[in-house]
Amino acid sequence: MIMKPIAHSPHVNLIDGRDAAARLRESLKPEIERLKAAGVTPGLAVVLVGENPASQVYVKNKVEQTKQLGMHSIEHRLSDSTSQEELLALVNRLNNDPAIHGILVQLPLPKQISEAAVLAAIHPDKDVDGFHVVNAGQLAVGEPRLVPCTPLGCIHLLKGLGINLRGLHAVVIGRSNIVGKPMAQLLLQEDCTVTIVHSRTPSPELLVKQADIVVAAVGKPRMVKADWLKPGAIVIDVGINRIEENGEKKIVGDVDFAEAQFVASAITPVPGGVGPMTIACLLANTVKAAALQHGL
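Residues numbered from 1 in each chain as written. Predicted model: local features only at pLDDT ≥ 70, side-chain atom pairs only at ≥ 80, totals over all residues. Heavy atoms only, no water.

Chemist: An account of the overall build of the protein is requested, with residue identities and associated values reported.
Modeler: Along the protein, the regular secondary structure elements total ten helices and twelve strands. Taking 19 Å as the expected radius of gyration for a compact globule of 296 residues, we find that the protein reaches 19 Å, a close match to that expectation. Considering only C-alpha atoms, the protein reaches an extent of 50 × 40 × 35 Å along its principal axes. In the protein, which comprises 296 residues, the proportion classed as buried is 49%. For the protein, the share of sequence-separated contacts (at least 6 apart) that also reach a separation of at least 24 residues comes to 68%. Charge-centre separation for the protein: the mean point of 29 positive side chains lies 1 Å from the mean point of 29 negative side chains. (Helix = DSSP H or I, 4+ residues; strand = E, 2+ residues; numbered from the N terminus. Rg over C-alpha atoms; globule rule 2.2 N^0.38 Å. Buried < 20%, exposed > 50% of the residue type's maximum accessible area, 1.4 Å probe, protein only. Contact = heavy atoms within 4.5 Å. Lys, Arg positive; Asp, Glu negative; His and termini not counted. Charge placed at Lys NZ, Arg CZ, Asp CG, Glu CD.)

Structure below.
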């Protein structure tokens, strides 16, 4: 089980992303050993441009966990002044490196570099972030190969609850290419009825109130209040917002957890919910990419 009771709220289950991520990583070990026995060590290259503190933490965790599973890990750290041409040249070298099966360029990038151009340059077979238009298209037509890690992690958490998702009404708050749109596609594949709420949706709280499942991914601290939720709803909070409150720096989600926990039947915390699953799914995508590239 990945749900743990919240001590001060007996009717709600906390969805433990750290535990779920540990289980997913453990499940990868037999496949990694199978590939190694065939002469293939899954390899991940992570590229960090600039000194963004949050990105540095993510990259550090990704590299460490890759190595812990016995996979091949390469890290490229580039300066803020790196040009788009230099970054594209590095991506091209990694595309042609047979020891690298997955390429992740950490976002955001400095303003002189087009994120779209860089993501398009990564070979679709090595696009372990799942952002390339080829992989996005395959997901859209119901034939997914490499799926964006955060939505994939959310689906793992939902399935881990042991409930039948078929026919449930899911409301996704946010329409980004990174989370919102692929999240909606994955929920459709689970036979959910899906509504997307975004910045131009009038009275979004009225639609959220109808949802059996709420996935919040907008980057607005504590936007979703308890009175937005249907009693018993399952809440997946993708938001990671750094705020300062009463002189103290905090990380909070897009959902007002303090209120929502008394209305939801299950809810992810921030931190410790979706975040760990994102990294675990990145590792899973790298292992899958290695198998696909070698026909194993």
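Chemist: Would you mind going over the pairing of strand β5 (residues 102–105) in detail, with residue names and values included?
Modeler: Of the two faces of β5, the one lined by Gly102 and Leu104 and the one lined by Ile103 and Val105 are each fully buried. The pairing of strand β3 (residues 43–49) with β5 spans four bridges and is parallel. When the sheet's bridge partners are listed, Leu44 is paired in β5 with Gly102. (Pairing = 2+ DSSP bridges.)

Chemist: Please give an account of the sheet that holds strand β4 (residues 72–78) that cites residues and values.
Modeler: Strand pairing within a sheet occurs via backbone hydrogen bonds; the two strands may be parallel or antiparallel. Sheet architecture is open: three strands sit in the order β4-β3-β5, paired in parallel fashion. Across the chains shown, the open sheet's two edge strands, defined by having one partner strand only, are β4 and β5. On average, adjacent strands in this sheet sit at an angle of 15 degrees to one another, irrespective of strand direction. Together, β3, β4 and β5 form the strand contacts of helix α2 (residues 53–68), whose direction differs from that of β4 by roughly 160 degrees. (Axes fitted to C-alpha atoms, helices over the stretch in contact; angles between N-to-C directions.)

Chemist: Tell me about the side chain of Thr286, residues and numbers included.
Modeler: When you line up the elements, Thr286 lands in helix α10 (residues 274–294). Among all residues touching Thr286, those that are not within four sequence positions of it are Pro42, Gly43, Leu44, Met71, His101, Gly102 and Val128.

Chemist: I'd like to hear about the packing of helix α1 (residues 17–37) against α10, residue by residue, with values.
Modeler: Between two packed helices, the angle of one axis relative to the other and the distance separating the axes together describe the packing. Between α1 and α10, the least distance of the axes is 8 Å, while the angle of their chain directions is 15 degrees. If you check the angle between α1 and α10, you find them roughly parallel. Our pair here, α1 against α10, has a crossing hand that is left-handed. Contacts between α1 and α10 involve Gly17, Arg18, Ala20, Ala21, Leu24, Arg25, Leu28, Glu31, Ile32, Arg34 and Leu35 on the former and, on the latter, Pro276, Met277, Ala280, Cys281, Leu283, Ala284, Val287, Ala290 and Ala291. Among the residues making up the contact of α1 with α10, the classes are represented as 15 nonpolar, one polar and four charged. (Parallel < 35°, antiparallel > 145°, perpendicular 65-115°, else oblique. Left-handed = near helix turned anticlockwise from the far one by under 90°. Nonpolar A, V, L, I, M, F, W, Y, C, P; charged D, E, K, R; others polar.)

By themselves, these observations are geometric and do not establish any function.
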